[in-house]
Amino acid sequence: MVGSAQISRATSYVRLPPLPSIKDLIRLYKLRALRQLSQNFLLDERITNKLVNQAGSIKGAEVCEVGPGPGCITRSIIRKGAEKVILIEKDLRFMPTLKLLAEAAPCEIKILHGDVMSFNMENLFSEENRRNWLEEPPNIHIIGNLPFNVSTPLIIRWLKDISYRQNAWNYGRVRLTLTFQKEFAERCVAKVESPERCRLSVMCQNWCSVSYGLTIPGAAFLPRPKVDVSVVRFTPLKYPLIPLPFELIEKVVRTVFAGKKKYCINGIGNLFPQPVREKLGEEVINLAEIKPECRPVDLTVPEIGRICYAYKEICDRNPKLYKYNHRQAKGKDADFLEDPDSEVDSSSIEEEFDTLVDDKETEEGIEKN
Ligand SMILES: C[S@@+](CC[C@H](N)C(=O)[O-])C[C@H]1O[C@@H](n2cnc3c(N)ncnc32)[C@H](O)[C@@H]1O
C-alpha cells in the first residue's frame, strides 16, 4: 500500500493530460453543440477541487466516481491522493478520454462501463477496506455529478440500500458526496418547521447525517443549466433514528406528508380503509401521543417514529391493512379489513416506493436542461 506522504508527493508532480476543451468535446462526440449530450460539465479544476474537498480527506482512499464524463472531477480526485479510483460511466464516448487519463495517473484507475442505477457494488472495493457497520466509515467514498434525472432516484435507491446495509454499504458506512438541483439539496437537509421540510428530508435524515456543502452557480457548468447546483454529503448513521423497514417508513411518511399543509390527522387516517379510517387514525394519534392538529412539517423524526410504530401495531393485528393504499383502493376499502392469515404484500409497497421517485421527478422538473 502507498503511504499518504508518498501519495501527496506523487500527485503534486503528476502530469495529467489536459481536460478536453469545449471544441474537443464537440468534435470528439461528433455533436453540433454540447447540449446534445444532455450533460452539464464542470471544466474548471478550481471548482472540481472544491467539490471533491466536500468529501473530506480522500488520501489513500478508494473512490468510486459515478458519471465521470471526460474526467474533470476525476482529475481532482487523483490530485487529492486517492489510492484507487473506480469510474462508472454509461456513455461509451467518454472511454478514450478516460483511458488517456488512467494511463497518466499515479494511482490505479479502473474504468467500468455501466449504468449506475443498476450497478452492483457488492464486490467493487477491496477487502482490506471493509469495516463493520458500527466502526468508523471505511476509507471508501462515492462521488458524483450526475444528471438530476439520475441522481434524484439514485439517492432514494441508495437510502434503501443503506437501510439494508447492502450494495456498497456491505463495506460499512460508505460516505457519499453528490450534486443535486439546489432546491432538492435544501429538501434533503431541511429541519423541522422549515418550509422545505418534506418526506425526502425525513427519509434522508432517518438513515444518514446529511450536510449541505457548497452551491455551484449554474454558470460554472457547460452548457449552463437553468438552475444552481448543490453538493450534499451523506454519512450513514450507526443506528437509524427509526429502526423499522424502509418500505414501512416510506409508506407512512408518504401518506402523512401527502397533505403537507393539512393537519396530520388527515394524512394518518389515509393509512387505513374508509370504514375504520377515523377510528384507527385516532388510535395512531393516541398511541403516538401526537397533537392531531399539528402539521407534517412540524413532526420531529422521533414523533414520526412513534406514528410508524403505532401503524405497525395496528397492522400486526390485521396484516391485510399493510396492503391498503388509499390512492389505489378504488372504492374497495372494505376488502382490506378482516384477514388475519394474510401476509404483508411487499410488492405493493415496492410499487409505492417507485412512485416517490416518479412524483419527485414531475414535482421538481428536475432535468438540468
Ligand atoms: C452531468 S455529466 C457530468 C460529467 C462530469 N462528472 C463533470 O462533472 O463534468 C453526467 C455524466 O454522468 C454520466 N451518466 C449519466 N447517466 C448515467 C448512469 N445511469 N450511469 C452512469 N453514468 C451516467 C453521463 O454520461 C455523464 O458523463
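Numbering of residues begins from 1 in every chain and follows the order in which that chain's sequence is written. For this predicted model, a pLDDT threshold of at least 70 governs which residues receive local features, and a threshold of 80 or more governs which side-chain atom pairs are given and counted, while totals over whole chains, interfaces and linings are taken from all residues.

- In the nomenclature of an unreviewed UniProt entry, the protein chain is known as rRNA adenine N(6)-methyltransferase of Bemisia tabaci.
- UniProt positions are given in the numbering used here, feature names are shortened, and annotations may be inferred rather than shown by experiment. Its UniProt record gives the protein chain the following Sequence similarities (unreviewed entry) comment, quoted word for word: "Belongs to the class I-like SAM-binding methyltransferase superfamily. rRNA adenine N(6)-methyltransferase family."
- Of the protein chain, the UniProt comment under Subcellular location (unreviewed entry) reads exactly: "Mitochondrion".

## Focus: the UniProt feature "domain: Ribosomal RNA adenine methylase transferase N-terminal" (unreviewed entry) in the protein chain
Part 1 of the argument: Here the UniProt-annotated "domain: Ribosomal RNA adenine methylase transferase N-terminal" (unreviewed entry) positions come out as residues 47–238.
Part 2 of the argument: With 30% helix and 25% strand, residues 47–238 has end C-alpha atoms that lie 32 Å from one another. Helix numbering and strand numbering both begin at the N terminus, where a helix is a DSSP run of H or I of at least 4 residues and a strand a DSSP run of E of at least 2.

## Here's the deal with the packing of helix 8 (residues 199–207) against helix 9 (residues 246–257)
Part 1 of the argument: Between N-to-C directions, angles cover 0 to 180 degrees, with each direction set by a line fitted to C-alpha atoms, over the stretch in contact for helices. It is at 9 Å that the axes of helix 8 and helix 9 come closest, and there the two elements cross at 155°. When the interaxial angle is binned, helix 8 and helix 9 end up roughly antiparallel. You can see that helix 8 and helix 9 cross each other, and the crossing is right-handed. Here Arg 199, Val 202, Met 203 and Asn 206 of helix 8 lie close against helix 9, whose contacting residues are Ile 249, Glu 250, Val 253, Arg 254 and Phe 257.
Part 2 of the argument: Within the contact of helix 8 with helix 9, the residues separate by chemical class into five nonpolar, one polar and three charged. Each angle receives one of four descriptions, namely roughly parallel if under 35 degrees, roughly antiparallel if over 145, roughly perpendicular if within 65 to 115, and oblique otherwise. In a left-handed crossing the near helix is turned counterclockwise from the far helix by less than a right angle, and in a right-handed crossing that turn is clockwise. Contact definition: two residues whose C-beta atoms, as placed from backbone geometry, lie within 7 Å. By the convention adopted, Pro, Cys, Tyr, Trp, Phe, Met, Ile, Leu, Val and Ala count as nonpolar, Lys, Arg, Asp and Glu as charged, and the other residues, Gly among them, as polar.

## Considerations on the sheet that holds strand 5 (residues 140–144)
Part 1 of the argument: With mixed pairing, the seven strands of this open sheet are ordered in space as 4-3-2-5-6-9-7. Two strands bound the open sheet, and with one partner strand each, they are strand 4 (108–113) and strand 7 (208–216). For this sheet the average axis-to-axis angle between neighbouring strands, irrespective of direction, equals 20°.
Part 2 of the argument: Strands qualify as paired when DSSP identifies two bridges or more between them. As judged from the five bridges shared by strand 2 (residues 62–66) and strand 3 (residues 84–89), these two strands associate in the parallel manner. Directly across from Cys 64, in strand 3, lies its bridge partner Ile 86.
Part 3 of the argument: On top of the sheet, helix 5 (residues 95–104) reaches strand 3 and strand 4; it is set at about 165° to strand 4, its chief contact.

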